[in-house]
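Per-entry structural report
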Amino acid sequence: MEKNLVIKNQADTEKLAAELAAVARVGDVILMHGTLGMGKSAFCRAYIRALAGNPDEEVPSPTFTLVQIYDLEPLPVWHFDLYRLSDPEEVHELDIEDAFSEAVSLIEWPERLEHLTPENRLNIYIEPGSNPDARRIKLVSHGENWEMRLDNISGNAA
């Protein structure tokens, strides 16, 4: 399934992230695609804050730590930034398999996973929009359980 959305500003990005967080399940793998500055980290930050139910939740970027773990209720979130990895096998050192089975995994720079990319996942592609604050977002589901959940995601269809 594929869903195309037009996001006008940061507030719309946060709304979309909150909608996805509201339908989160253990084992969800969300792969964030986009160039530098497209808002991958901002999306992940909004998703984690929405799941935590706390708009002030501290959500540091995992750029240097490679992973940040949030033991939240109702479910934990592992936020990965794989930009600095040079070999896909390095993700095993981050215990990524545990995240895949026990938490929601938000993964920036997922192309670094290569052959280790899970089959059941949601790809989110973020591209520039019509103005500096706008984005075009494409949600592409792979595997089971995403289609019904994505049917309820709003936004302005492109």
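This report concerns the structure included in the present document. (Residues numbered from 1 in each chain as written. Predicted model: local features only at pLDDT ≥ 70, side-chain atom pairs only at ≥ 80, totals over all residues. Heavy atoms only, no water.)

Now for the overall build of the protein chain. Counting secondary structure elements, the protein chain contains 4 helices and 8 strands. Reading the helices (α) and strands (β) of the protein chain from amino to carboxyl end gives β-α-β-α-β-β-α-β-β-β-α-β. In terms of C-alpha radius of gyration, the protein chain reaches 14 Å, essentially the compact-globule figure of 15 Å for 158 residues. Its C-alpha atoms give the protein chain principal-axis dimensions of roughly 40 × 35 × 30 Å. (Helix = DSSP H or I, 4+ residues; strand = E, 2+ residues; numbered from the N terminus. Rg over C-alpha atoms; globule rule 2.2 N^0.38 Å.)

Counted at 1.5 Å a residue, the expected span for helix α2 (residues 40–52) with its 13 residues is 18 Å, and the 18 Å between its end C-alpha atoms agrees. Considered for burial, the residues of α2 that qualify are K40, F43, C44, A46, Y47, I48 and L51. Buried residues along α2 sit in contact with α1 (10–22), β2 (29–33), β3 (67–70), β4 (77–81), β5 (104–108) and β6 (121–128). Remark: G53 follows α2 within two positions and exhibits a positive phi of approximately 70 degrees. (Expected span 1.5 Å × (residues − 1). Buried < 20%, exposed > 50% of the residue type's maximum accessible area, 1.4 Å probe, protein only. Contact = heavy atoms within 4.5 Å.)

Our next topic: the nonpolar core. Within the largest apolar cluster, 31 residues are counted, with the highest numbers of intra-cluster contacts made by L20, Y47, I124 and L139. Of all elements in the fold, only β1 (2–7), α1, β2, α2, β5, β6 and β7 (135–142) reach the threshold of two or more residues within this core. Here the element with the most residues in this core is α2; it accounts for 6 residues. With residues up to four places along the chain from it excluded, the contact list for L139 reads M1, E2, K3, L5, L20, L122, N123, I124, L150 and I153. (Core = buried A, V, L, I, M, F, W, Y, C linked by side-chain atoms within 4.5 Å.)

Attention now moves to the side chain of K40. Mapped onto the elements of the fold, K40 is located in helix α2. Among buried charged residues, K40 stands out as having no salt bridge; its nearest opposite-charge side chain is E108, 5.0 Å away. Ignoring anything within four residues of it in the chain, the contact list for K40 reads M32, H33, G34, T35, E108, W109 and I126. (Lys, Arg positive; Asp, Glu negative; His and termini not counted. Salt bridge = Lys/Arg side-chain N within 4 Å of Asp/Glu carboxyl O.)

Burial analysis of β4 places 5 of its 5 residues in the buried class, the great majority of the element. Count of turn residues in the β3/β4 antiparallel hairpin: 6 residues. Here 5 bridges tie β4 to β5, and the two strands are oriented parallel to one another. Each residue of the ladder has a partner; that of H79, found in β5, is L106. Crossover connection from β4 via helix α3 (residues 96–102) to parallel β5: handedness right-handed. (Pairing = 2+ DSSP bridges. Right-handed = clockwise from strand over helix to strand, strands pointing away.)

The peptide bond linking E73 to P74 adopts the cis configuration, its omega dihedral lying at 20 degrees. When you line up the elements, P74 lands in the loop between β3 and β4. Within the chain, L66 stands out as a residue other than glycine whose phi angle is a positive 75 degrees. Residue L66 is classed as buried on the basis of its relative accessible area, which comes to 16%. One non-glycine residue, W109, lies in positive phi territory at about 60 degrees. Here W109 lies in the loop between β5 and β6.

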